[in-house]
Amino acid sequence: MIRDVLAEAVRSALVGLGVQPPGAVELERPARREHGDWSTNVALTVAKAAGRKPRELADALAARLQAAPPTHVSAVEVAGPGFVNFRLRDSWLHDILGDVVEQGEDRYGRHDLGAAERVQVEFVSANPTGPLHVGNGWWGSYGDALARVLIRCGYQVSREYYVNDTGGQIRSLGESLLAIRRGAPVPESGYQGAYVAELARAYNGPDDEVAAGRWAAERNLADIRETLAAMGIEFDEWFSQASIEESDAVAETIALLRERGLVFEDDGAVWLRTADFGDPRERRVLVKSDGEFTYLAGDLAYHRDKFLVRGYDRVIDVFGADHQGQVDSLLAGVEALGVERGRLEIEIGQMVSLVSGKMSKRAGNFVPLRDLIDDLGPDVTRLLSLLTSLDSAPLLDLDKVRATSHESPVYYVQMAHARIAGIGRTARDRAIDRLPLEQVDLSLLVHERELEVLRSLSELPDVVLGACVDRAPHRVATWVRELADRFHGFYHDCWVIGEGVSPELTQARLWLVEAARIGLAIGLGLLGVHAPERM
RNA sequence: GCCCCCGUAGCUCAAUUGGAAAGAGCGACGGACUUCUAAUCCGUCGGUUGCAGGUUCGAGUCCUGCCGGGGGCGCCA
């Protein structure tokens, strides 16, 4: 990689100047073209330790690098407070093109960071007390895209959905159903909304809250599976909470905690001492005074199963902000089980709001995810959610999204891919075959539009890695849109096939188009968005 | 009251995790179709990054304090 070449050159130049180089020489792509193709701030960072002025050190460094320029480098310049900027010949981008097509869709932008570490990503896990809402779709897109990014970075990933198919909420759901059936008002703490009434109408089972609740939960879960499938989200495992509670897992988990001297009794309840594990509350109930396990007890049993039974090296739980209250106790409890801190990560997705009002499952005025998918299609729904960071609480104006859906970023990106396919069809129609890359003169690619496409492609490996390390798949979405943007510019200004384009240039551009196709396919694949051949 | 997230162009969001002169899309205005799809491209307008301090070569980004918004603080799940 060019970065390594430059870093090594900088390192040895520093040594030559009698300056101790830092652990890692940082090389970045300047935001502005005037600042060259690559840049290092190393003169700024080591100046103080070296007892030299940044600018003066940068000058000396640049002079040394200029004297024996690394591959592709045409000029080394000093700018600003002491940045050393590298200007590269276009050949470095032609090499990128070669890398992309040689490694292809399967290998370009792939990393072995994970070293086959086994990671479980648990996401959605919405309670089967009703249909999924828009927020579930957003966090679901996130979880699925994160899983894809992790896989591309060498992790062995399993996607899991924790089905909360037990406990008071199921009973409460059953109560609501039965109340509606006998024409009574739904209890205050119950579930409202049209879907409950519909379920009540369909239910003809016994007059028992739990039975009715279970029946409704099953119906809801089927609906949830179907909705997720419509979005292209597949899980490797649907893990039932009931299966945990019906086994001895909870009791075993408490026994393990007791062995570790962290369990005590008070007020007729059984408690876990969490103070030493970063929990501000210091203690949590595991067994209520009525003898029932708490949700936390079940959750810890579940996480014990993840780490200690199934042996995942790392678990990433994706929660909505409405479950933030679980975070401290869960992190503390898992550590109390003897799982090193850091192996459990919890990502919190902020609430999605709609201009028409907030979503609340109990109030029953939410927009079901299903409606959004039917309305916009899965691709729009996914890309829309993946264009924003998990930390921002998005505001969706449904009318506006619907009205402008034909000019959404999705179609913009997909059209770039379709245009590429269109070029392929034209080439086939005119019997133009791509020659082997070695026989093609890539140095003909000098148009700014062509170079911009290649610059984007050169960034993909870094983007994927950054998205993985920071658990931020939305960066892939941002990147894909940029690549599409540059491709459209190229498409507009640079004809590939036809009169006025020499056969040699057509060949070079056909390979450029192929590289762009590979980049788009990789990016869209990581996002779970289709890459259509035509629109 | 305490904890988490956020505050960036009229609107919706980015910003290589501390880099140089903060970028896109939508909206507004003005241009470009005889050739691979104009679902596209080009240009213009638009900013005290909520406010005030601090850290340093350098802050939208880190620290402190305010202001504002969202979420969370059960022997519910």
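Predicted model, so just to flag it, every value in this text is computed and none were measured. (Residues numbered from 1 in each chain as written. Chains lettered and ligands numbered in written order. Predicted model: local features only at pLDDT ≥ 70, side-chain atom pairs only at ≥ 80, totals over all residues. Heavy atoms only, no water.)

(A) Fine view of the overall build of chain A. Within chain A one finds 19 helices and 13 strands. Viewed in the frame of its principal axes, chain A has a C-alpha envelope of about 85 × 60 × 40 Å. Out of the 535 residues belonging to chain A, those deemed buried represent 53%. Considering only contacts in chain A between residues 6 or more positions apart, those separated by 24 or more positions represent 72%. Carbon and sulfur atoms make up 48% of the accessible area of chain A, which amounts to about 23,900 Å² in all. Between the mean site of the 59 positive side-chain charges and the mean site of the 81 negative ones, chain A shows a separation of 3 Å. (Helix = DSSP H or I, 4+ residues; strand = E, 2+ residues; numbered from the N terminus. Buried < 20%, exposed > 50% of the residue type's maximum accessible area, 1.4 Å probe, protein only. Contact = heavy atoms within 4.5 Å. Areas by Shrake-Rupley, 256 points an atom, 1.4 Å probe, with all protein chains shown as cover. Lys, Arg positive; Asp, Glu negative; His and termini not counted. Charge placed at Lys NZ, Arg CZ, Asp CG, Glu CD.)

(B) Geometry of the domain arrangement of chain A. Segmenting chain A into domains produces domain 1 (2-89), domain 2 (123-238 + 343-400) and domain 3 (408-527). Distance between the C-alpha centres of domain 1 and domain 3: 31 Å. With 4 residues of domain 1 at the contact, the number on the domain 3 side is 6 residues. Of all residues in domain 1, Arg3, Arg29 and Arg33 bury the most surface against domain 3, accounting for 91% of the area lost on that side. Taken together, domain 1 and domain 3 are joined by 5 salt bridges. With a closest N to O distance of 3.3 Å, Arg33 and Glu452 form a salt bridge. At the boundary of domain 1 with domain 3, the tally comes to 5 residue pairs in polar contact (both at pLDDT 80 or more). Grouping the constituent residues of the side of domain 1 that touches domain 3 by class yields no nonpolar, no polar and 4 charged. (Domains from an automatic or database assignment. Buried area = accessible area lost by both parts, 1.4 Å probe. Salt bridge = Lys/Arg side-chain N within 4 Å of Asp/Glu carboxyl O. Polar contact = N/O pair within 3.5 Å; in protein donor to acceptor, adjacent residues only side chain to side chain. Nonpolar A, V, L, I, M, F, W, Y, C, P; charged D, E, K, R; others polar.)

(C) Region of interest: the protein's contact with RNA strand B. Neighbouring RNA strand B are 67 residues, the closest being Gln324, Ser389, Tyr412, Met415 and Arg475. A distance of 2.9 Å is found between a phosphate oxygen of RNA strand B and a side-chain nitrogen or oxygen belonging to Arg419. In the environment of RNA strand B, a sugar or linking oxygen lies 2.7 Å from a nitrogen or oxygen atom belonging to the side chain of Thr426. Taken together, the elements giving at least two residues each to the surface near RNA strand B come down to α2 (42-50), β3 (83-88), α6 (168-181), β8 (269-273), α16 (409-429) and α18 (474-493). (Near = heavy atom within 4 Å.)

(D) Layout of the nonpolar core. The biggest cluster of nonpolar side chains holds 120 residues, and the ones touching the most others in it are Leu65, Phe86, Leu97, Leu150, Tyr161, Leu396 and Leu457. It is helix α19 (residues 503-527) that provides the largest number of residues to this core, a total of 13 residues. In this structure, Leu97 is in contact with Leu437, Leu442, Leu445, Leu454, Trp511, Leu512 and Ala515, ignoring residues within four places of it in sequence. (Core = buried A, V, L, I, M, F, W, Y, C linked by side-chain atoms within 4.5 Å.)

(E) Inspection of the sheet that holds strand β9 (residues 283-287) at higher detail. A sheet is described by the order of its strands in space; here 3 strands give the open sequence β7-β8-β9, paired in antiparallel fashion. The open sheet has two edge strands with one neighbour each: β7 (263-266) and β9. On average, adjacent strands in this sheet sit at an angle of 40° to one another, irrespective of strand direction. Taken together, the 4 bridges between β7 and β8 define a ladder with antiparallel strand orientation. Across the sheet, residue Val263 finds its bridge partner in β8, namely Leu272. Docked against the sheet, helix α11 (residues 295-309) engages β8 and β9, running at close to 85° with respect to β9. (Pairing = 2+ DSSP bridges. Axes fitted to C-alpha atoms, helices over the stretch in contact; angles between N-to-C directions.)

(F) Inspection of a negative patch on the surface at higher detail. A cluster of acidic residues, Glu245, Glu246, Asp290 and Glu292, forms a negative patch at the surface. Considering the arrangement of structural elements, one finds Asp290 in the loop between β9 and α11. (Patch = residues over 30% accessible without salt bridge, like charges linked within 9 Å, V, L, I, M, F, W, Y side chains within 5 Å.)

(G) Examining the state of the cysteines more closely. Under the defined criterion, the tally for this structure stands at 0 disulfides. Its sulfur unpaired, Cys468 is 3.7 Å from the next cysteine sulfur, which belongs to Cys153. For Cys468, a relative accessible area of 0% corresponds to the buried category. (Disulfide = S-S within 2.5 Å.)

(H) The packing of aromatic side chains, seen in detail. All chains considered together, the criterion is met by 11 aromatic pairs. Judged by centre distance (4.6 Å) and plane angle (35°), the rings of Phe123 and Phe235 are tilted. With Phe123 in the loop between β4 (118-122) and α5 (134-152) and Phe235 in the loop between α8 (209-230) and β6 (237-240), the pair connects residues that are 112 residues apart, well separated along the chain. Residues Phe123 and Phe235 agree in their burial class; the two are buried. Aromatic pair Tyr203 and Trp215: ring centres 5.1 Å apart, planes at 50°, arrangement tilted. (Phe/Tyr/Trp six-rings, centres within 6.5 Å; stacked < 30°, edge-to-face > 60°.)

(I) Fine view of the pattern of salt bridges. This model, assessed by the stated rule, comprises 38 salt bridges. The partner of Asp470 in a salt bridge is Arg475, and the shortest N-O contact between them spans 3.0 Å. With a relative accessible area of 45%, Asp470 lands in the partly exposed category. A relative accessible area of 35% means that Arg475 is categorised as partly exposed.

(J) Local environment of the packing of α16 against α19. Relative orientation of the contacting elements α16 and α19 amounts to 145°, with a least axis distance of 10 Å. Every pair of crossing elements has a handedness; the one defined by α16 and α19 is left-handed. Where α16 abuts α19, its residues Val413, Ala416, His417, Ile420 and Ile423 lie against Leu510, Val513, Ala516, Arg517, Leu520 and Leu524. Partitioned by chemical class, the residues of the contact of α16 with α19 number 9 nonpolar, 1 polar and 1 charged. (Left-handed = near helix turned anticlockwise from the far one by under 90°.)

(K) Main features of the sheet that holds β4. Across the sheet, which stays open at both edges, the 5 strands sit in the order β6-β5-β4-β10-β11 with parallel pairing between neighbours. Whereas interior strands pair on both sides, the edge strands pair on one side only; in this sheet they are β6 and β11 (344-349). The sheet shows a mean angle of 25° between the axes of neighbouring strands, taken without regard to direction.

(L) Representation of the confidence of the model for chain A in the model. On average, chain A scores 92 in pLDDT, and the residues at 70 or more come to 97%. Within the model, the stretch residues 357-365 combines pLDDT values under 50 with 23 contacts to residues more than four positions away or in other chains. (pLDDT = per-residue confidence, 0-100.)

(M) Representation of unusual backbone geometry. One non-glycine residue, Glu282, adopts positive backbone phi at about 70°. Take Glu282: it is sitting in the loop between β8 and β9. Although it is not a glycine, Ala431 adopts a positive phi angle of roughly 55°. Its place among the elements puts Ala431 in the loop between α16 and α17 (448-469). Overall, the relative accessible area of 63% leaves Ala431 in the exposed class.

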